[in-house]
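If you want the building blocks of each chain, they are given just below.
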Amino acid sequence: MAEHAVNFAAASKAALQDSQLRGNFRRAMDGLMSKRAVQFADAKEWHTMRALAASVRLRALAKLPELLEQLETNLTRNGIQVHWASTTAEANAITLAIMRKANATLAVKGKSMVTEEMHLNAFLEDHDIEVLESDLGEYIVQLDGTMPSHIIMPAIHLNTKQIAHLFKQKIKDAASTGEDAAALTDLARRILRQKFMNAGVGMSGVNAAVAETGTLCLIENEGNGRMCTTVPPVHIAFMGLEKVVEKLEDVPPIISLLPRSATGQPITTYVNMISSPRKEGEKDGPREIHVVILDNGRSSVYADPELRDTLRCIRCGACMNHCPVYTKVGGHAYEAPYPGPIGQILVPQMEGLAKRGEMPHACTMCNACVEICPVQIPIVEIMGRLRVEAVHPSASVKDSGARASKTEALVWKGWAAMNTSPLAYKIATTAMSAVGNAAPGSLPLLKEWTSVRSKPRFAPRTLHDLARKKGIPNV
Amino acid sequence: MDRPTPPTKPTKVYFFGTCLVDLFYPEAGMAGMELLQAQGLTVVFPQGQSCCGQPAYNSGYRADALKVARAQLDLFPGDLPIVVPSGSCAGMMKKHWPHLFHGEPDEAKALQVSARVWELTQFLVQVLDVKLTDKGEPLRVTWHASCHAQREMGVVDEPKALLRQLANVELVELTREKECCGFGGTFAVRHAEISAAMVGDKVADIESTGAKRVVSGDCGCLMNINGALEAGGKPVQGQHIAQFLKERTHG
């Protein structure tokens, strides 16, 4: 059955008309871009660091199957239980089984984009399990009943005033906090603190999993990650299978570049290195740790040498901050767990081109994301490749060829015929120069163009003509 | 950039005008050739040229792009530099042709042509080291950098260095010089509303400089920005840098 195609153009339209939203994103992204620029003021250091980080990721991907086996062995040796899930449905079922076994009806969760991919909260709620997001941004988004609009700053689409309003509507004690950011944060903190104590399960993401030591690394700013992974008796960590790195020494380049690229911080407030459940005689830590390693299409991304680079991503979100399209429409318009440039190359590969074929086109190919990507992902090249896949059936990407159009193919054939024969080119361009300007603005494409622009005007004579007339030599 | 400067200044160059310039901005192409001639160079404009292939390449129709790119190869024999009045088309030839021709029987030939491609302002500054004498009236301008010129061809300072050589021209830079104007080829019509928002921001940035003219090196951006300026009834006008430099230096 053909899946419903997500209409990015329609979703972005509403966002474009929301001046509050536009203002929030413009301000936030401007701030993030300048903070990042301060971090990488030294171009030489930037080039050295990103080459190092890229090499760490490339090396991990080159040995991915082997490293995953090594990771499983070492995690297991450390007492961490490993679960493999090839689909999000499998990952959800695994999670539910762990929760049931632990008799847990409440989970507190730190930021995890993989669980967004899984729609885990909705799934568990359907099974009468409460999941509380403990990252402040995620908490706000959950209260609001929406999705994260950014992978690092989930509630970046809202300003303090809007958050204060939301709190007032949803939380009993919020009346006294006013619009003071510190007071609002304090209120959320008090509510969350109680939940951390009562939760049977803590959940988290993983920023890097070290194969040689069996260590899960988690970076965060609010301490909620540490609470989720240490206070409840059971901790479940979720990771995409690409998150593995080979050695412990591969971690520093990632945890340095990630926050510097994302928020312009030199390092996050918390760096958690989780290597085992609570041991005999230890006073804290969970008694069980589980890690759910999710595939969800990553293996097929991995199988294609060109598309594989998608998996280098360390989820810093800097590509969003620098994307002129994302900045205009915000994250919700993409209607996907991963918005912005990385989402535009990752989500179509996970969900297929029938549903997500338009995503790679919502890009001007300006390369702003490529310029700042800390692991040098050729995002725009992959975007171009997916545009090819969308209209040509192949074995590489799910639903490739789903957007093939005979009309479009014919237009390009005609274009190629015109541009490969000097005679055809001459006839066509002479005709355009002569009568092109008479084309009515209501024509398709011209209509879209002229929505905010004047009609392009064909010059009376082409450059070919002028050059000939001026005696510019042909050879 | 990653390309060595030719040891001696060439006496002859090829000019690849691009399809957009050919149809919509031929004066910019002529001005580009005249600037090169003014430096004592012989300029060759092969009449068989059409397009670099970028429109189809970026739309997912690479076989059609390949045919069109291939049709250009034999027009530029020898080892003369190929000068292009567009960072975007130059970027296609320089950066994407190697990928497009990869594994094709004429790959070596394509690489040989690709390696000789220069963006116009880059060639004027890096190879010819031109010295311009301004003959115009005092004028405030701003510079719009195309994304592909900046990020594919590495052209950032060259055009601004040329504008700064003009004694009576005051260059006021944009606040968000690096941000895309929203053209993006078919993007402008496929995602017309987002493109409109982007060019709207660009126009506001241009206006805030108080410049009378916005100069750029890429006609795709110019068509977009000029179209929006005109439709919005703004007095600022966009112009290709070749035309602007020619106008200022020829009096």
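Residues numbered from 1 in each chain as written. Chains lettered and ligands numbered in written order. Predicted model: local features only at pLDDT ≥ 70, side-chain atom pairs only at ≥ 80, totals over all residues. Heavy atoms only, no water.

**Focus: the interface of chain B and chain A**
Listed as interface residues are 72 residues of chain B and, on the opposing side, 67 residues of chain A. Of the roughly 6100 Å² buried where chain B meets chain A, counting both sides, 61% is carbon and sulfur surface. The largest per-residue losses of area from chain B upon contact with chain A belong to Leu23(B), Gln47(B) and Tyr61(B), which jointly make up 12% of the total buried on that side. Taken together, the connections running from chain B to chain A amount to twelve salt bridges. Across the salt bridge formed by Lys470(A) and Glu34(B), the nearest N and O atoms sit 3.9 Å from each other. The interface formed by chain B and chain A contains 31 residue pairs in polar contact (both at pLDDT 80 or more). When residues in the side of chain B that touches chain A are grouped by element, the largest group, nine residues, is from helix H11 (residues 192-208) of chain B. Among the residues forming the side of chain B that touches chain A, the class breakdown is 34 nonpolar, 22 polar and 16 charged. (Contact = heavy atoms within 4.5 Å. Buried area = accessible area lost by both parts, 1.4 Å probe. Salt bridge = Lys/Arg side-chain N within 4 Å of Asp/Glu carboxyl O. Polar contact = N/O pair within 3.5 Å; in protein donor to acceptor, adjacent residues only side chain to side chain. Helix = DSSP H or I, 4+ residues; strand = E, 2+ residues; numbered from the N terminus. Nonpolar A, V, L, I, M, F, W, Y, C, P; charged D, E, K, R; others polar.)

**As for the pattern of salt bridges**
One side chain can pair with another of opposite charge once the charged atoms of both are near each other. If you walk through the whole model with that rule in mind, you get 47 salt bridges over all chains. Measuring nitrogen to oxygen at the nearest pair gives 3.2 Å for the salt bridge that ties Arg312(A) to Asp309(A). A residue is classified by how much of its surface remains accessible, and Arg312(A), at 8% relative accessible area, is buried. The partner of Lys234(B) in a salt bridge is Glu207(B), and the shortest N-O contact between them spans 3.5 Å. In this pair, Lys234(B) is assigned in the loop between helix H12 (219-231) and strand E8 (237-240) and Glu207(B) in helix H11, connecting sequence segments 27 residues apart. Given the relative accessible area of 31%, Lys234(B) is considered partly exposed. Taken together, the shared-partner salt bridges connect Arg22(A), Arg26(A), Asp30(A), Lys328(A), Arg176(B), Glu179(B) and Asp201(B) into one network. (Buried < 20%, exposed > 50% of the residue type's maximum accessible area, 1.4 Å probe, protein only.)

**Notes on the domain arrangement of chain B**
All names here are of chain B. Parsing chain B into structural domains produces domain 1 (12-126) and domain 2 (133-249). Using only C-alpha atoms to locate each centre, domain 1 and domain 2 end up separated by 22 Å. Between domain 1 and domain 2, the contact holds 30 residues from the first and 23 residues from the second. For the pair domain 1 and domain 2, the two sides together bury roughly 2100 Å², of which 67% comes from carbon and sulfur. Counting the surface domain 1 buries against domain 2, the share from its top three residues, Tyr25, Leu35 and Thr121, is 24%. Glu34 is the salt-bridge partner of Lys246, the closest N and O atoms lying 2.9 Å from each other. Put simply, domain 1 and domain 2 have ten residue pairs in polar contact (both at pLDDT 80 or more) between them. Examining the composition of the side of domain 1 that touches domain 2, we find that eight residues originate from one element, helix H5 (residues 87-100), more than from any other. (Domains from an automatic or database assignment.)

**Comments concerning unusual backbone geometry**
Positioned with a positive phi, Asn296(A) is a non-glycine residue whose angle comes to about 45 degrees. You can see Asn296(A) is positioned in the loop between strand E10 (288-294) and helix H13 (298-303). In this structure Asn296(A) comes out as buried when scored by relative accessible area, which is 17%. Despite not being glycine, Asp129(B) shows a phi value in the positive range, around 50 degrees. With respect to the helices and strands, Asp129(B) occurs in the loop between helix H7 (120-127) and strand E5 (139-144).

**Some words on the packing of helix H4 (residues 62-73) of chain B against H5(B)**
All names here are of chain B. Axis separation between H4 and H5 bottoms out at 11 Å; the angle between their running directions is 115 degrees. By the angle between their axes, H4 is roughly perpendicular relative to H5. Judged by the twist between their axes, the crossing of H4 over H5 is left-handed. Facing H4, whose interface residues are Arg62, Ala65, Leu66, Ala69, Gln72 and Leu73, H5 presents Trp97, His99 and Leu100. Of the residues contributing to the contact of H4 with H5, the split by class is six nonpolar, two polar and one charged. (Axes fitted to C-alpha atoms, helices over the stretch in contact; angles between N-to-C directions. Parallel < 35°, antiparallel > 145°, perpendicular 65-115°, else oblique. Left-handed = near helix turned anticlockwise from the far one by under 90°.)

**Notes on helix H21 (residues 422-435) of chain A**
Over its 14 residues, H21(A) runs 20 Å from end to end, which matches the ideal 20 Å to within 8%, given 1.5 Å per residue. All buried positions along H21(A) are accounted for by Tyr425(A), Thr429(A) and Ser433(A). The arc that holds the buried residues of H21(A), viewed along the axis, is 55 degrees, so those residues lie on one side. When the buried face of H21(A) is taken as reference, the exposed residues oriented beyond 90 degrees from it are Leu423(A), Ile427(A), Ala434(A) and Val435(A). Packing partners of the buried residues in H21(A) comprise helix H20 (406-420) and helix H23 (463-469) of chain A together with helix H1 (19-23) of chain B. (Expected span 1.5 Å × (residues − 1). Arc of directions from axis to C-beta.)

**What to know about the sheet that holds strand E7 (residues 234-240) of chain A**
Residues and elements named next belong to chain A. Strands sit in the order E1-E10-E7-E4-E2-E3 across an open sheet of six strands; the sheet is parallel. Of all strands in the sheet, those with a lone pairing partner are strand E1 (80-85) and strand E3 (130-133), marking the two edges. Geometrically, the sheet is characterised by an average inter-axis angle of 25 degrees between neighbouring strands, direction not taken into account. Here helix H5 (residues 88-101) sits on the sheet and contacts E1, strand E2 (106-109), strand E4 (201-204), E7 and E10; the angle it forms with E1, its principal contact strand, is near 145 degrees. (Pairing = 2+ DSSP bridges.)

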